[in-house]
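Read off the chains here:
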Amino acid sequence: LPLANQGVQSLSPYQAGKPIEELERELGISNIIKLASNENPFGLPESAKQAIINQLDELTRYPDSNGFALKQSIAEKFTVQPEQITLANGSNDFIELVAHTFASEQDEIIYSQYAFIVYPLITKAINAVAREIPAKNWGHDLDGFLAAINEKTKLIYIANPNNPTGNFLTESEIDDFLRQVPERIIVVLDEAYTEFTAEKERVDSFGLLKKYPNLVISRTLSKAYGLAGLRIGYAVSNPEIADLVNRVRQPFNVNSLAQAAAIAVLKDDAFVQKVAENNRTEMQRYETFCQQHGLDYIPSKGNFITIDFKQPAVSIYQALLHEGVIVRPIAGYGMPNHLRVSVGLPEENQRFFTAVEKVLQITP
Ligand code: PMP
C-alpha cells in the first residue's frame, strides 16, 4: 500500500462511542443515558421538527449550495452580511476547511494543550506542524501563543469555552491577544458553546470582528440549538476570508433538512433560553455535588463539566457504564484522571450523582 503523509501516519482514529442500543445489549441493561457528547438533552425542538417535515418533499433535489435563506437569517440575527458567512457540515467541517484554505504542509498551526481534539487531527491530516502550547490552569496560555508565532504560523485555533476543560477567556483577554497577532495569521475563535455562557459574560465576538480582519468566528447548531445529528455549523469572518474558504468547500456540504431546521431554530429564542436556563441550574447542582464529595472539577462555562478523580478514571467510567450512565473518558486529551460529563436534564444528572456515589462508595 502507498504510505500516507507523515502527519496521517501519526494519527490515531477518533474514538466514537458505541450506539446506546448496542451497549444495552452488551451489558444486559436498559435505560442507559448518555452524558458523553455535550448534546442537547431536550431533544429536537418542535420548530425544527416542523421545518424538517415541510422540507421532506424537496429531498430529491440537491440542497441550495449557497444556503441563501440560511445565510440571510444568520446575517439578520447577528447584523452581519451574508457574504461574511461560510456554512459547514458541522463546525468540524469548518475547522477542516479553514486549515485547507490557509495552511499547507510544514506551515505551523497553534492551539492549546487540552484543546478540542479536531484541531490536532486536522493539523496532522494536512501534514502541517502542530505548535501545541502548554495549558495554564487547564486553559489557553495566550502569552505562550504569542511567543510561538513565527513566519511559518498560518493559523491559530482557540475554543472559547474550551472543550473538554470548559475554560473561558474574557473579551479583554481575547482583544489583547488579537491586537498582538499579525494580520496575516488567521485566528479561528471556536464558539461552539457560547450560548451556555451567561449573556453578560459572553464575548462580543462580532464586535471584535470589526476590529480584526483576520478573526473568524466559528459556531454550531449542534449544542444549544439541538441539531447535532443534522450536522450544521457556520463561520462569520470578513468577506475575503469567507470567499476563500467557500472556494474550498464542497458544493453541497450542508443538506437541505439541516438548512431548513437551522433557519427555524435560530428564530426559536424560547427554546435556546430554556436550554441555557436548565444548564445554569444543573451546572450549579454538579458543582455542589462535587464540593460536597470533595471532588475536584474544572469550573466550566460550557454544557459539560470535567471532574478529576485523582486516579485513572477509565475504571470509574466502566463502573458508571454498568450503572447505565455513559460519560466521556478523556485520556486521549492527556487527561487520564478526568471524566467529562455533559449536563443533562435534572433526572439524568441525578442518575449520574447516584451512580458516582455508588461507584465511589461515598454516602449521599
Ligand atoms: N468545537 C468544539 C469546541 C466542540 O466541542 C465541538 C463538538 N464536540 C465542535 C467544535 C464540533 O461540533 P459540530 O461539528 O457538531 O458543529
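Residues numbered from 1 in each chain as written. Predicted model: local features only at pLDDT ≥ 70, side-chain atom pairs only at ≥ 80, totals over all residues.

(A) The arrangement of the confidence of the model for the chain in detail. Averaged over the chain, the pLDDT score is 96; the fraction of residues at 70 or greater is 100%. In the predicted assembly, ipTM is 0.99 and pTM is 0.96. (pLDDT = per-residue confidence, 0-100.)

(B) Main features of helix α13 (residues 314-322). Among all positions in α13, only Ile316, Tyr317 and Leu320 are buried. An end-on view of α13 places all buried positions within 105° of arc, on one side of the element. Opposite its buried face, α13 presents the exposed residues Ser315 and Gln318, each directed more than 90 degrees away. For α13, the secondary structure elements touched by its buried residues are β11 (325-326), β12 (328-330), β13 (335-342) and α14 (346-359). (Buried ≥ 20, exposed ≤ 12 C-beta atoms within 10 Å, placed from the backbone. Helix = DSSP H or I, 4+ residues; strand = E, 2+ residues; numbered from the N terminus. Arc of directions from axis to C-beta. Contact = placed C-beta atoms within 7 Å.)

(C) Examining the sheet that holds strand β7 (residues 215-220) more closely. The strand order across the open sheet built from seven strands is β2-β8-β7-β6-β5-β3-β4, with neighbouring strands paired in mixed fashion. In the strand order of this sheet, the two ends are held by β2 (85-88) and β4 (129-133), each with one partner. Going across the sheet, the axis of each strand differs from the next one's by a mean of 20°, ignoring polarity. Examined bridge by bridge, β2 and strand β8 (residues 233-236) share four bridges and lie antiparallel to one another. By the bridge assignment for β8, threonine 86 is matched with alanine 235. (Pairing = 2+ DSSP bridges. Axes fitted to C-alpha atoms, helices over the stretch in contact; angles between N-to-C directions.)

(D) Focus on the pairing of strand β10 (residues 304-308). Most of β10 sits out of view: four of its five residues are buried. Where strand β9 (residues 296-298) and β10 come together, three bridges link them in antiparallel fashion. Looking at the pairing, tyrosine 297 lines up with isoleucine 307 of β10. The hairpin formed by β9 and β10 contains five residues between the paired strands. Two strands pair when backbone bridges link them, and β10 and β13 are joined in this way by five bridges, in the antiparallel orientation. Counted as the bridge partner of isoleucine 305 is valine 341 from β13.

(E) Representation of the UniProt feature "modified residue: N6-(pyridoxal phosphate)lysine" (unreviewed entry) in the chain in the model. Taking the UniProt record as the reference, the feature "modified residue: N6-(pyridoxal phosphate)lysine" (unreviewed entry) is found at Lys223. Examined against the element boundaries, lysine 223 turns out to sit in the loop between β7 and β8. For lysine 223, a count of 29 C-beta atoms within 10 Å corresponds to the buried category. Those residues in contact with lysine 223 that sit more than four places away from it in its chain are Asn38, Asn40, Ala192, Tyr193, Glu195 and Asn303. (UniProt positions renumbered as here; feature names shortened; annotations may be inferred.)

(F) Broad picture of the sheet that holds β12. The antiparallel open sheet is built from four strands, whose spatial order is β9-β10-β13-β12. Among the strands making up the open sheet, the edge pair consists of β9 and β12. The average undirected angle you get between the axes of adjacent strands in this sheet is 35°. When β12 meets β13, the two strands line up antiparallel, connected through three bridges. Bridged to arginine 328 within β13 is arginine 340.

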